[in-house]
Number of protein chains: 2
Amino acid sequence: MTQKATFDLEDFLPYLLTQAAEASSLEFQQHYKGRYGMLRTEWRVLFHLGRFGAMTAKEICARSGIHKTKVSRAVAALERKRYLSREVLETDRRLESLGLTPMGERVFADLLGAAQRFDSAMTAHFTDQEEAVLRRCLTRIARLP
Amino acid sequence: MTQKATFDLEDFLPYLLTQAAEASSLEFQQHYKGRYGMLRTEWRVLFHLGRFGAMTAKEICARSGIHKTKVSRAVAALERKRYLSREVLETDRRLESLGLTPMGERVFADLLGAAQRFDSAMTAHFTDQEEAVLRRCLTRIARLP
DNA sequence: CCTTGTTAGTTACAAAACCAACTAATATCC
DNA sequence: GGATATTAGTTGGTTTTGTAACTAACAAGG
């Protein structure tokens, strides 16, 4: 990219990314927070369990990159809401299999649909080519370190 | 974009945006946090003052979109660090002109350089065309609501 | 002027994130 | 087999954020 004479915060990619992320996340919050009183980490944990089936907290951490303390609190919150149930594994009693309850499954189905529609509405602003580039670049940035 | 059969969290744009934003922000944090003990809002306020010169807190809010309570706390923190000084305006004594001290200017110059290098290093992973699309899409998303 | 309304900025309190220490169960190694 | 180390998950204490109420200065209408 040709170098600019001035450098504003809007030219700084981490800033641009943060602004875009906040704008889109805030809007989608309405669905999981407004309708189900869930926090973002709870929604993400619910998603993983709904999408991939029962697993341990450790596996959720590995898949999502969320820290174990956040997962632990999200699991406790989802359990209080009766969206999730635990079962200690007899093969290794440190481990708990975490699974969605029928109610949790219904919430997941609802939020999954909302997420798909939200995503479609967002990408409708772009051409197929733009969207492909956007997703590719974001994926690469997310894996940078 | 052609519809996918399955929908994973990685396909959800707000999630992808958040992951990319966190990855890039975390890395750049080292500069302002590691070297100067600053929080992100402090860095952003410092940037605006360095880039555009002295202004009131209200103007920082308008330019940056940061809420006034966060600006208020960031200003107080920057003042404690002696990077910023205030001057009550006699024309309207509710207003304070906020400006960087010489030390604040030095910190700004250092961080500005770091930001430019960081940005260049990031965009080096993309073609000019990809970068243009990326920035355009992000800007549009950031202004969605 | 002098009540009423607005604006700039701060502060107080509650919600949430962060980090580090902790418990309980299992694995390892002599 | 028993001390030591690891691993899964939780909890406590501190920082940071968010929200809403607050103060001080100015503005406007009567």
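Within an unreviewed UniProt entry, the label attached to chain A reads MarR family transcriptional regulator, and the organism entered is Rhodophyticola porphyridii.

Draft legend 1. Structural view of the overall build of chain A. Looking only at helices and strands, chain A has 6 helices and 2 strands in total. Listed by position from the N terminus, the elements making up chain A come as α-α-α-α-β-β-α-α. Expected size for 145 residues packed as a compact globule is a radius of gyration near 15 Å; at 18 Å, chain A overshoots this value by more than 25%. Put simply, chain A has 145 residues, and 47% of those count as buried. Long-range pairs, those at least 24 residues apart, make up 50% of the contacts in chain A between residues at least 6 apart in sequence. With the model as given, the accessible surface of chain A reaches about 7,800 Å², and the carbon-plus-sulfur share is 51%. Counting 23 positive and 18 negative side-chain charges, chain A places the centres of these two groups 5 Å from one another.

Draft legend 2. Just the packing of aromatic side chains, in detail. This model, assessed by the stated rule, comprises 22 aromatic pairs over all chains. Aromatic pair A:Phe12 and B:Trp43: ring centres 6.3 Å apart, planes at 85°, arrangement edge-to-face. Remark: B:Trp43 occurs in helix H2 (residues 40–52) and A:Phe12 occurs in the segment before helix H1 (13–36); the pair is interchain, linking two chains. Ring plane angle 75° and centroid distance 5.8 Å describe the contact between B:Phe47 and B:Phe108, whose orientation is recorded as edge-to-face. Note that B:Phe47 is positioned in helix H2 and B:Phe108 in helix H5 (residues 102–123), a separation of 61 residues in sequence. The class for B:Phe47 is buried, based on a relative accessible area of 0%. Grouping aromatic residues by their ring pairs yields a cluster made of A:Phe7, A:Phe12, B:Phe28, B:Tyr32, B:Trp43, B:Phe47, B:Phe108 and B:Phe118.

Draft legend 3. Molecular detail of the relation of the copies chain A and chain B. The two copies are related by a screw operation: chain A maps onto chain B through 179° of rotation and 0.0 Å of translation along the axis, at an RMSD of 0.2 Å. Given the turn and translation reported, the copies of this chain are related as if by a two-fold rotation axis. Nearest to the rotation axis, the C-alpha of A:Leu134 is located 2.8 Å from it, this being the minimum over chain A. Taken together, the interface assignments show that 100% of the residues at the interface of chain A recur at the interface of chain B, consistent with an identical surface on both copies.

Draft legend 4. Structural view of the interface of chain A and chain B. Contacts between the two partners involve 54 residues from chain A and, on the opposite side, 54 residues from chain B. When chain A packs against chain B, the two sides together hide about 5,500 Å² of surface, and 66% of this comes from carbon and sulfur. Connecting chain A to chain B are 6 salt bridges. Note that A:Glu130 and B:Arg136 form a salt bridge whose closest N and O atoms lie 2.3 Å from each other. On the surface where chain A and chain B come into contact, there are 15 residue pairs in polar contact (both at pLDDT 80 or more).

Draft legend 5. Spatial organisation of the protein's contact with DNA strand D. Near DNA strand D there are 18 residues, and of these A:Lys58, A:Ser72, A:Arg73, A:Arg86 and B:Arg93 occur at the shortest range. Counting only atoms of DNA strand D within 4 Å of the protein, the sugar-phosphate share comes to 55%. In the model, a phosphate oxygen of DNA strand D is placed 3.5 Å from a nitrogen or oxygen of the A:Ala57 main chain. Contacts to DNA strand D include A:Arg73, whose side-chain N or O atom sits 2.8 Å from a base oxygen.

Draft legend 6. Structural context of the environment of B:Val107. Residue and element names in this part refer to chain B. Here Val107 shows up in helix H5. Classification of Val107 by relative accessible area gives buried; the value is 4%. Through-space distance from the C-alpha of Val107 to that of Arg35 is 9.6 Å; in sequence the pair is 72 residues apart. If we skip the residues at most four places from it in the chain, Val107 touches Tyr36, Met38, Leu46 and Tyr83.

Rules behind the numbers
Residues numbered from 1 in each chain as written. Chains lettered and ligands numbered in written order. Predicted model: local features only at pLDDT ≥ 70, side-chain atom pairs only at ≥ 80, totals over all residues. Heavy atoms only, no water. Helix = DSSP H or I, 4+ residues; strand = E, 2+ residues; numbered from the N terminus. Rg over C-alpha atoms; globule rule 2.2 N^0.38 Å. Buried < 20%, exposed > 50% of the residue type's maximum accessible area, 1.4 Å probe, protein only. Contact = heavy atoms within 4.5 Å. Areas by Shrake-Rupley, 256 points an atom, 1.4 Å probe, with all protein chains shown as cover. Lys, Arg positive; Asp, Glu negative; His and termini not counted. Charge placed at Lys NZ, Arg CZ, Asp CG, Glu CD. Phe/Tyr/Trp six-rings, centres within 6.5 Å; stacked < 30°, edge-to-face > 60°. Least-squares fit on C-alpha atoms with pLDDT ≥ 70 in both. Buried area = accessible area lost by both parts, 1.4 Å probe. Salt bridge = Lys/Arg side-chain N within 4 Å of Asp/Glu carboxyl O. Polar contact = N/O pair within 3.5 Å; in protein donor to acceptor, adjacent residues only side chain to side chain. Near = heavy atom within 4 Å.

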